[in-house]
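# Summary of structural features
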Amino acid sequence: MKTEIKVGLVGFAILVLLFVGIKFLKGVDLFNSETTYYAIYDNVSGMHESNYIYLNGMKVGYIKDIKMIGERAEKFKVTISIDSKIKLPKDSKIVFYSADILGSKALRLELGESKELLSSKDTLATGIELGMLDKLSSSIEPMAQNLDSILLATKNILNSQTQDNLKKTFDNLEQTSKRLNSISTQFDALMASDKAKISKIISNTESITANLRDNNEKLSNIVASINDIADTAAQAQIGTTLMKTSQTIDKLNNILGVIEKGKGNVGLLINDEGLYKSLDESAKKLDALIEDIKANPKKYIKVSVF
């Protein structure tokens with residue numbers, strides 16, 4: 001055999017081994033037949049080509065290809081290869097899940113109960129199962145947002161002015177506490193100094209209470225007597241008497257009003273100053289006349305004897 005042929009055969013064998021090795025590393029089993037299926041996902045984060053597909057913990061396939069659908073990658077078309085020995089019912093599902101606690105992703109095949117089977121290149125129903133880290137992350141994210149909001153609000157509240165106000169408030173509280181302590185001390189001293197007086201007041205109060213209790217019957221009689229007096233006053237028609245008194249006062253007010261207006265003799269006498277002076281002068285003259293009559297009766301009275 002020529003050297004060139006030997007080199008060619010060795011090179012071809014190397015290429016075959018390289019091809020088989022690459023396929024093996026990708027999870028492709030060249031010695032078993034495979035069936036291709038499709039799965040549609042909205043998010044393929046953590047999913048890669050050659051990821052294994054498991055059925056009840058056993059590797060039965062792998063991801064062959066991942067392509068985006070649409071210009072904005074709204075969805076992703078995942079091509080998977082499953083061992084042809086595995087027959088998939090139509091209601092089977094392929095679930096994207098976390099294979100370990102570190103968050104490594106894998107696909108799990110869940111067989112359905114349908115009697116009808118999927119054909120090659122049919123689309124499988126899909127599902128996503130969150131792992132422990134994913135659940136923890138989804139739980140922590142809103143808590144972190146709330147914490148950020150709280151910290152921001154706290155930062156806005158605890159500005160320099162608010163801090164000064166809080167400091168003044170605490171200072172005022174401290175002063176108030178000191179004053180309360182001082183008042184309490186003074187009250188304790190007052191209680192100690194006037195303890196005898198307070199005891200005496202309490203004793204007097206107890207004595208008054210005892211007297212009231214002992215004279216309860218007498219107090220009841222006094223109240224009954226007051227009730228009798230009230231009944232008697234009611235029977236005496238006090239209301240009618242008060243009404244007549246009110247009418248009399250009204251009449252007197254009317255008379256006084258007439259006098260103030262200068263009507264009638266009394267009104268003229270009170271309000272007419274000239275009349276008052278004339279009457280005063282007349283009274284004086286009358287007094288002088290009476291005095292003169294008393295002094296000189298013969299002047300005014302003549303006695304004739306026939």
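## Considering unusual backbone geometry
- Phi is positive for S50, which is not a glycine, with a value near 80°.
- Inspection of the secondary structure assignment puts S50 in the loop between β1 (34-41) and β2 (52-55).
- Positive phi outside glycine occurs at N56, with the angle close to 55°.
- If you trace the backbone, N56 turns up in the loop between β2 and β3 (58-69).

## Thoughts on the packing of aromatic side chains
- Scanning the model with the defined rule gives two aromatic pairs in all.
- When the ring of Y41 is compared with that of F96, the centres are 6.1 Å apart and the planes differ by 65°; the resulting orientation is edge-to-face. Here the residue Y41 occupies a position in strand β1, and F96 occupies one in strand β5 (residues 93-98), the gap between them amounting to 55 residues. Of the two residues, Y41 and F96, neither departs from the other in class, the shared state being buried.

## Concerning the sheet that holds β1
- Taking strand neighbours around the barrel as the criterion, the seven strands line up as β1-β4-β3-β2-β6-β5-β7 in a closed arrangement whose pairing is mixed. The average angle at which neighbouring strand axes cross in this sheet is 35°, direction not considered.
- As paired elements, β5 and strand β7 (residues 123-128) share four bridges and run parallel to each other. Note on β7: the bridge partner recorded for V95 is G127.

## Section: the nonpolar core
- Y41, I80, I94, L107 and L109 are the most contacted members of the largest nonpolar core, which has 21 residues in total.
- At the level of secondary structure, the elements contributing two or more residues to this core comprise β1, β2, β3, β4 (75-83), β5 and β6 (105-110).
- Per-element tally for this core: the top contributor is β4, with four residues.
- When near neighbours in sequence (up to four residues on either side) are disregarded, L107 contacts Y41, M47, Y52, I53, Y54, I63, I80, I94, V95, F96 and Y97.

## Thoughts on the environment of S119
- Position of S119 relative to the elements: it lies in the loop between β6 and β7.
- Residue classification places S119 among the partly exposed residues on the basis of a relative accessible area of 43%.
- Separated by 31 residues in the primary sequence, S119 and L88 place their C-alpha atoms 8.3 Å from one another.

## Let's talk about the pairing of β7
- Sheet topology places β1 next to β7; two bridges connect them, and they run parallel. In the sheet register, Y38 faces β7, and the bridge partner there is T123.

Criteria and cut-off values
- Residues numbered from 1 in each chain as written.
- Predicted model: local features only at pLDDT ≥ 70, side-chain atom pairs only at ≥ 80, totals over all residues.
- Heavy atoms only, no water.
- Helix = DSSP H or I, 4+ residues; strand = E, 2+ residues; numbered from the N terminus.
- Phe/Tyr/Trp six-rings, centres within 6.5 Å; stacked < 30°, edge-to-face > 60°.
- Buried < 20%, exposed > 50% of the residue type's maximum accessible area, 1.4 Å probe, protein only.
- Pairing = 2+ DSSP bridges.
- Axes fitted to C-alpha atoms, helices over the stretch in contact; angles between N-to-C directions.
- Core = buried A, V, L, I, M, F, W, Y, C linked by side-chain atoms within 4.5 Å.
- Contact = heavy atoms within 4.5 Å.

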